[in-house]
Each structure stands twice: as structure tokens, then as C-alpha cells.
Amino acid sequence: MNKKEIRMLDVEMRAVDNEEDKMIIEGYPITFNSPATHYGMTEIVDSKALNETDMSDVPLKYNHDDSHLILARTRNGSLKLEVDSIGLKMRAELIDTQSNIDVYKSIKAGLLDKMSFAFIVESADYNYDTDTRTILKIKKLFDVSVVDVPYYDQTSVYARKLDNS
């Protein structure tokens, strides 16, 4: 069964000034091998889970909310996604809209510092003795989001300066 799931993660996220006054944020909406336990069940994303994931058109959202304007998007190049040894790293350059300015300032002030992702699992392993699900393969990534309340504590988002590449 292909069911869309959403996971809100708790990883560092910050906003950082830069010399060109661009609103650039970076973070990790997905971190590998970092257990998250909620309601007695633990979930882990395997380090190979994104190897064949469809990430062809992924928007960056706020709280997965379709009524909020999209912050950035892979399709137009304002959102970059890269898999590394930590997880899925994202870098976004936000355009100058009031909603983006509000989100950016909230990240910069430390009010928003976590991320989330919406996805379909293609395969997973279940350990019923420990109530642990390990996500082995993610079929599609629907969005990554800056969130108020994360599912995974290890996620992060921060604003950065261009000279700190």
C-alpha cells in the first residue's frame, strides 16, 4: 500500500545574514539512522533509503500547509536537495515575499529550528519485539517543511552567510 506519510523532525535550524541580503536557509529534513520514538513505536530512516527516491519536484513548505505559500522548490532551482552521510541536506534561497520574510526571521530568531518531510515508503523492516520500523526505501518525497513541532529530534534548519559555504 502506497500511503503518504509525514514526519516532523527536531534538528537544528537557523537563519543567517549574508552580504547580498539574500534569505538563504540550510538544514536536514531527514537524518539517517537517528531513532525517533513516539507513542511506544520507534522509527529509523536507513542510510540507503533515498538511493532511488523520486525527488523530481519537491517544494519547501511551512508545516506541510498547502494554504501557505511555497517557500522554495526544486523545479525552479530555488531549493537544492543533496544526500550526504548525515541525511538529506537542503539549501533554499527564499524570494522576497512577506510570508517568506516572516519564516526567515523566525528561523533567524530561533523560533523555528526543525524540519519535516512527507513521503511514501516503498519498503520497510519491522522488528515487533522492539516496536521498531526501519524505512529501507522511500519511493517519493512530496515535500520538505520547516515545522513548529518535529517528529525526529535530529533535524535542523538555519540561515547562513554566503561566505560560510
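Now for a description of the structure that goes with this document. Only a predicted model underlies this, so the values are computations on that prediction, with no experimental measurement involved. (Residues numbered from 1 in each chain as written. Predicted model: local features only at pLDDT ≥ 70, side-chain atom pairs only at ≥ 80, totals over all residues. Heavy atoms only, no water.)

**Let's talk about the packing of aromatic side chains**
Scanning the entire structure with this criterion turns up four aromatic pairs. Judged by centre distance (6.0 Å) and plane angle (15 degrees), the ring pair of Tyr-126 and Tyr-128 falls under stacked. Overall, the relative accessible area of 43% leaves Tyr-126 in the partly exposed class. Judged by its relative accessible area of 66%, Tyr-128 falls in the exposed class. (Phe/Tyr/Trp six-rings, centres within 6.5 Å; stacked < 30°, edge-to-face > 60°. Buried < 20%, exposed > 50% of the residue type's maximum accessible area, 1.4 Å probe, protein only.)

**Description of the nonpolar core**
Membership of the largest hydrophobic core comes to 35 residues, with the highest contact counts inside it found for Ile-25, Val-45, Leu-60, Leu-94, Phe-117 and Val-144. Mapped by element, the contributors of at least two residues to this core are β3 (23-31), β9 (87-94), α1 (98-108), β10 (114-127), β11 (132-147) and β12 (156-159). Per element, the largest residue contribution to this core is five residues, and it comes from β11. (Core = buried A, V, L, I, M, F, W, Y, C linked by side-chain atoms within 4.5 Å. Helix = DSSP H or I, 4+ residues; strand = E, 2+ residues; numbered from the N terminus.)

**Overview of the pattern of salt bridges**
Within the structure shown, the criterion is met by ten salt bridges. A salt bridge links Asp-54 to Lys-140; the shortest N-O distance between them is 3.7 Å. On the criterion of sequence distance, the pair formed by Asp-54 in the loop between β5 (41-45) and β6 (59-62) and Lys-140 in strand β11 is long-range, its members being 86 residues apart. For Asp-54, a relative accessible area of 31% corresponds to the partly exposed category. Of the charged contacts, one joins Asp-113 and Lys-114 as a salt bridge, the two residues approaching to 4.0 Å between their closest N and O atoms. Asp-113 gets classed as partly exposed once you look at its relative accessible area, which sits at 27%. Each of Glu-52, Glu-122 and Lys-137 takes part in salt bridges that share partners, so that together they form one network. (Salt bridge = Lys/Arg side-chain N within 4 Å of Asp/Glu carboxyl O.)

**Considering α1**
Looking at α1, one finds that the buried residues are Ser-99, Asn-100, Ile-101, Val-103, Tyr-104, Ser-106 and Ile-107. Immediately downstream of α1, the backbone of Gly-110 shows phi near 85 degrees, a positive value.

**Overview of unusual backbone geometry**
Of note, Tyr-39 is a non-glycine position whose phi angle comes to about 55 degrees, a positive value. One non-glycine residue, Asp-131, lies in the positive phi region at around 55 degrees. Looking at the secondary structure, you find Asp-131 in the loop between β10 and β11.

Interpretation note: all reported values are geometric properties and have no functional meaning in isolation.
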